[in-house]
Amino acid sequence: MALRAAVLQTNRAMRSARQFGAAAAASEHSTLDALPSYVIKAPSTDISTLANDMRVASETVAGAETATIGVWIDAGSRYETAANNGAAHFLEHMAFKGTSKRTQQQLEEEIENMGGHLNAYTSREQTVYFAKVFKDNVPQAVEILSDILLNSKLDEAAIERERGVILREMEEVNKNQEELVLDHLHATAFQGTGLGRTILGPEENVRSLTKADLQNYIDTHYTSTRMVVAGAGAVDHEQLCALAEDHFKSVPPTPAAGVAVPMEPAVFTGSDIRIKFDSDDKAHIALAFEGASWTSEYAFSLMLMQTILGSYDRLSGKGANAASKLAMDVAQQDLAHSVSTFNTCYKDTGLFGVYGVAPDNKLDDFMWYLMNNLVRLVHKVTDEEVDRAKTQLKANMLMGLDGHSAVAEDIGRQLLTYGRRMTPVEVFARIDALTTDDVKATAAKFINDEDHALCAIGGIHELPDYNWIRRHSYWLRY
């Protein structure tokens, strides 16, 4: 691929710089000159490792008055078993129910008195606890984060109360068709593996998880080597390191049992799950192929493919004149209410596909145009589309870093997935190195004549069967 060739070319250029000095340096400067100044002058990310191997990373923004501080933990629902599925999410709830130093009321009042915001979320691979505070309250925020992580009481009465809260949350999630479809998509695509399990866990686990189960999950997965303390905004890196050293020094680098739990490999299975409601006049459909991991050489190519395919919403007012060929087809033929492309990456795999909401009597045509646009990437994507998508992708990545919370999230996630943080210069260079042939080669690898996973809910009587969709994952070309 051109990306690999670009890396090799860069290495050769670096060797040339050592050998020929000014001539090679001039070439390097010309490459940097081609990048916008706001990319080259982007704030640096400082990274340190504490004595217990916990990493601390931060990006200081000059003139900032607020900061986001958080702890990113390499532990999510995929690290659970069928027996304790839901434990990571349950712990997220229990973290705010009081510690050995603070009651729940004291914790809430302390955060409110400093004008801060304390929150947490759980994904399939990560659990995150973070706080947004004024710069003078950063030491207090770090101490609070360590307290709720390391000293949570896990009170039996609070656990019982929280079961009802999580069950009500589960009801709300199940009412959200998009979340429900994507959960079922993971369940069928990665059936029998950790990635196939839901984040909230099954209802029977929510009702039966005990304090011992939750404590065992903490002892097994909350280790210093799996944690990153990340900050952005009005953060002094040396101060953050000192605070982390002081409050997180007791976190062990290995599990209490002395044996680290290996990550269960994800195995993609071509399959589908269909839930039919004849009373519904529309269908929610998610179709996905196995994607790439965060560290795959195809990761950026898939991001570019996602941008090329684009999205469409009938309410947005655009479509027939959109740059996306898929959006144009859907709008001109009036095939769907909305369509969006997704590219979800995990440590060892991913899901690349399209989510759509379409009328029940348009599904046959919708699937034909959808598959045609997916396979078109293998054969007919143009240089103009690729160049436009590159600009859009770079803009989306920079806009995704607006705000201290988004930057802290990016730092924490990248350190857990890459072991480092890519600079904007490197990200732009990787995107610019991609060519039309790279997009075609990536599409050929992940889409052309490949098995897919599908979940569909609603009025799906007109939805083609699995073999029809599988047959349309390639073109017969003579």
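Residues numbered from 1 in each chain as written. Predicted model: local features only at pLDDT ≥ 70, side-chain atom pairs only at ≥ 80, totals over all residues. Heavy atoms only, no water.

J.: Where do I start with the packing of helix α14 (residues 363-379) against helix α18 (residues 436-446) in this structure?
T.: In a packed pair of helices, the relevant descriptors are the angle between the two axes and the axis-to-axis distance. For the pair α14 and α18, the least separation of the axes is 6 Å and the interaxial angle reads 125°. One element, α14, and the other, α18, form an angle in the oblique class. Judged by the twist between their axes, the crossing of α14 over α18 is left-handed. Where α14 abuts α18, its residues L377, V378 and H379 lie against V439, K440, A443 and A444. Residue composition of the contact of α14 with α18, grouped by class: five nonpolar, one polar and one charged. (Axes fitted to C-alpha atoms, helices over the stretch in contact; angles between N-to-C directions. Helix = DSSP H or I, 4+ residues; strand = E, 2+ residues; numbered from the N terminus. Parallel < 35°, antiparallel > 145°, perpendicular 65-115°, else oblique. Left-handed = near helix turned anticlockwise from the far one by under 90°. Contact = heavy atoms within 4.5 Å. Nonpolar A, V, L, I, M, F, W, Y, C, P; charged D, E, K, R; others polar.)

J.: Teacher, can you tell me more about the sheet that holds strand β3 (residues 66-73) here?
T.: Pairing between sheet strands relies on hydrogen bonds along the backbone, with the strands arranged either parallel or antiparallel. Taken in spatial order, the six strands line up as β1-β2-β6-β3-β5-β4 in an open sheet, and their pairing is mixed. Looking at the sheet topology across the chains shown, the edges are occupied by β1 (46-49) and β4 (117-122). Neighbouring strand axes in the sheet, compared pairwise and without regard to direction, differ in orientation by 15° on average. Across six bridges, the pairing between β4 and strand β5 (residues 127-134) is antiparallel. Across the sheet, H117 pairs through a bridge with K132, a residue of β5. Along the sheet, helix α4 (residues 87-94) makes contact with β4 and β5, crossing β4 at roughly 170°. Most of the contacts of helix α11 (residues 237-248) go to strand β2 (residues 55-60), to which it runs at about 150°, and overall it touches β1, β2, β3 and β6 (227-233). (Pairing = 2+ DSSP bridges.)

J.: When you look at unusual backbone geometry in this model, what are you seeing that I'm missing?
T.: Negative phi characterises most residues that are not glycine, and trans characterises most peptide bonds. Phi is positive for D334, which is not a glycine, with a value near 55°. If you trace the backbone, D334 turns up in the loop between α13 (325-333) and β10 (338-345). With phi around 55°, D449 is a residue other than glycine that occupies positive phi space.

J.: How should I be thinking about α14 in this particular structure?
T.: Since the α-helix turns once every 3.6 residues, residues separated by three or four places project in the same direction. Taking 1.5 Å per residue as the helical rise, α14 with its 17 residues ought to reach 24 Å, and the 25 Å between its terminal C-alpha atoms agrees with that figure. Buried within α14 we find L363, F366, M367, L370, M371, N373, L374, V375, R376, L377 and V378. (Expected span 1.5 Å × (residues − 1). Buried < 20%, exposed > 50% of the residue type's maximum accessible area, 1.4 Å probe, protein only.)

J.: Help me understand the pairing of β4 in this model?
T.: Strand residues, when the strand is regular, have side chains that alternate between the two faces of the sheet. Side chains L118, A120 and T122 of β4 all project onto a buried face; the interleaved residues H117, N119 and Y121 project onto a face where none is buried. Between the antiparallel neighbours β4 and β5 lie four residues.

J.: How should the packing of aromatic side chains be read in this particular structure?
T.: Centre-to-centre distance and the angle between the planes together describe a pair of aromatic rings. With the rule as written, the count across this model stands at six aromatic pairs. With centroids separated by 6.1 Å and ring planes inclined at 80°, the aromatic side chains of F190 and F268 adopt a geometry described as edge-to-face. You can see F190 sitting in the loop between α8 (177-189) and α9 (203-208) and its partner F268 sitting in the loop between α11 and β7 (271-276), a full 78 residues away along the chain. Of the two residues, F190 and F268, both sit in the buried class. Consider the rings of W294 and Y418, whose centres lie 6.4 Å apart with planes at 90°: the pair is edge-to-face. Residue W294 is found in the loop between β8 (282-290) and α12 (299-309), and its partner Y418 is found in the loop between α16 (404-417) and α17 (424-432); the two are separated by 124 residues along the sequence. A cation sits over an aromatic face here: R413 above W294, 4.5 Å from the ring centre. Lying over the aromatic face of F446, K445 brings its terminal NZ or CZ to 5.8 Å of the ring centre. (Phe/Tyr/Trp six-rings, centres within 6.5 Å; stacked < 30°, edge-to-face > 60°. Lys NZ or Arg CZ within 6 Å of the ring centre and 35° of its normal.)

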